[in-house]
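Each chain, written out:
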Amino acid sequence: GQNIDQPTEMTATEGAIVQINCTYQTSGFNGLFWYQQHAGEAPTFLSYNVLDGLEEKGRFSSFLSRSKGYSYLLLKELQMKDSASYLCAVATGGGNKLTFGTGTQLKVEL
Amino acid sequence: DTEVTQTPKHLVMGMTNKKSLKCEQHMGHRAMYWYKQKAKKPPELMFVYSYEKLSINESVPSRFSPECPNSSLLNLHLHALQPEDSALYLCASSQWAANEKLFFGSGTQLSVL
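Below is a short write-up of the structure. Every chain begins its residue count from 1, and numbering advances along the sequence as written. Each chain is given a letter, starting from A, and each ligand a number, starting from 1, according to the order in which they appear as written. Reporting of local features is limited, given that this is a predicted model, to residues whose pLDDT is at least 70; pairs of side-chain atoms are given and counted only at 80 or more, and all residues count toward the totals for whole chains, interfaces and linings. In computing side-chain properties, one takes all heavy atoms of the structure into account and sets aside hydrogens as well as water.

A short note on the overall build of chain A
When helices and strands are counted, chain A shows 0 helices and 11 strands. Labels follow the DSSP assignment, with helices taken as runs of H or I lasting at least four residues and strands as runs of E lasting at least two, numbered in each case from the N terminus. What you see in chain A, going N to C, is helices and strands ordered as β-β-β-β-β-β-β-β-β-β-β. Here the C-alpha atoms of chain A give a radius of gyration of 13 Å, agreeing with the 13 Å that 2.2 N^0.38 yields for 110 residues. The principal-axis extents of the C-alpha atoms in chain A amount to approximately 45 × 30 × 20 Å. Note on exposure labels: buried denotes an accessible area under 20% of the residue type's maximum, exposed denotes more than 50%, and partly exposed covers the range between, all computed with a 1.4 Å probe on protein chains only. Here chain A, with 110 residues, has 47% of them falling under the buried criterion. The contact rule is simple, with two residues in contact once any of their heavy atoms fall within 4.5 Å. Put simply, 55% of the contacts in chain A that link residues at least 6 apart link residues at least 24 apart. All accessibility values rest on the Shrake-Rupley procedure with a 1.4 Å probe; residue burial counts only the protein chains present in the view. Roughly 5,200 Å² of accessible area belongs to chain A as shown, and the carbon and sulfur atoms make up 49% of that amount. Atoms counted for the radius of gyration: C-alpha only. Globule rule: 2.2 Å times residue count to the power 0.38.

See the structure below:
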């Protein structure tokens, strides 16, 4: 089976840095994704890691360690609009299946 | 056009009704997905279509019946649903497979009375 865990909630201050962790145990691995979902909206793609290491994209970075079954999403210079749910998702099944983790609700405060 | 369009946006139905959810994309994507999302929970995979053929059914009850009439369209036929089926139903597509960026529609908010 698939087991993808994230902290349920996090709170951070505007302008700060926050790291959202994701641990996974899956049958097979074809890549790890991070999606952002604002309340009442569809998830939108943030990042993709398939090899170990750090991928940087503007204010967002994502890290993967396949041997540890671990990833994190780093958000810098937090803005109020970053308040959203952040979903870690793992592709398996030869790349045919994307399973979402439990999701982390991030609240950015002044 | 990088949109996935879902209709209707909202649907209220009784347990004896038959209704359909529709999803359309014109990005030339060959993989399409149905997800179910309950409030404050992550999306749960229901079905995967690859090249218009059903490739994954996550043990979804038969009261949900997917259909892919062509490479741009994906339907979800609903019949004899239960109140616990009330949720947001999200459609998504990707170029070839799930280990690529998925584009999501804005969903259909379904209420079963």
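Points about the environment of Ala97(B)
Considering the arrangement of structural elements, one finds Ala97(B) in the loop between β9 (87-94) and β10 (103-104). Here Ala97(B) falls in the buried class, since its relative accessible area comes to 13%. Once you skip the residues sitting within four places of it in the chain, Ala97(B) turns out to touch Gly95(A), Asn96(A), Ala31(B), Tyr33(B) and Leu102(B).

Some points on the sheet that holds strand β1 (residues 3-5) of chain A
All names here are of chain A. A sheet is described by the order of its strands in space; here 5 strands give the open sequence β1-β3-β8-β7-β6, paired in antiparallel fashion. The open sheet terminates on both sides in strands that have one partner only, identified here as β1 and β6 (53-57). Between one strand axis and the next, the sheet turns by 15° as a mean value, whatever way the strands run. Strand pairing is assigned whenever DSSP detects at least two bridges linking the two strands. To obtain an axis, a line is fitted to C-alpha atoms, over the contacting stretch when the element is a helix, and the angle between two such axes runs from 0 to 180 degrees between their N-to-C directions.

A look at the sheet that holds strand β3 (residues 18-25) of chain B
All names here are of chain B. The strand order β1-β3-β8-β7 describes an open sheet built from 4 strands, whose pairing is antiparallel. Only two strands of the sheet have a single partner each, and these edge strands are β1 (4-7) and β7 (64-70). This sheet shows a mean twist of 20° between the axes of neighbouring strands, independent of strand direction. As paired elements, β3 and strand β8 (residues 73-79) share 7 bridges and run antiparallel to each other. Along β8, the bridge assignment pairs Ser-20 with His-77.

Concerning the interface of chain B and chain A
Across the contact, 19 residues belong to chain B and 17 residues belong to chain A. Surface buried jointly by chain B and chain A totals about 1,500 Å² across both partners, of which 62% is contributed by carbon and sulfur atoms. Accessible area, probed at 1.4 Å, shrinks when two parts are joined; the buried area is that loss added up over both. Contact with chain A buries surface across chain B, with Ala98(B), Asn99(B) and Phe104(B) losing the most and accounting together for 32% of the total. A salt bridge links Glu58(B) to Lys97(A), with the shortest nitrogen-to-oxygen separation between them at 3.0 Å. Here a polar contact is taken to be a pair of N or O atoms separated by no more than 3.5 Å, where protein atoms must pair a possible hydrogen donor with a possible acceptor and residues adjacent in sequence count only if both atoms sit in side chains. Our count for the chain B to chain A interface comes out at 4 residue pairs in polar contact (both at pLDDT 80 or more). Those elements giving two or more residues to the side of chain B that touches chain A turn out to be β4 (31-37) and β5 (44-50) of chain B. For the side of chain B that touches chain A, the leading source of residues is β4(B), giving 3 residues. Salt bridges are counted wherever a side-chain nitrogen of Lys or Arg sits within 4 Å of a carboxyl oxygen of Asp or Glu.

Side note on the environment of Met46(B)
All names here are of chain B. Within the secondary structure layout, Met-46 lies in strand β5. Between the alpha carbons of Met-46 and Ser-59 there is a distance of 7.7 Å; along the sequence they are 13 residues apart. Non-local contacts of Met-46, meaning those with residues more than four positions away in its chain, are made with Trp-34, Tyr-35, Lys-36, Ile-56, Asn-57, Glu-58, Val-60, Phe-64, Leu-76 and Tyr-89.

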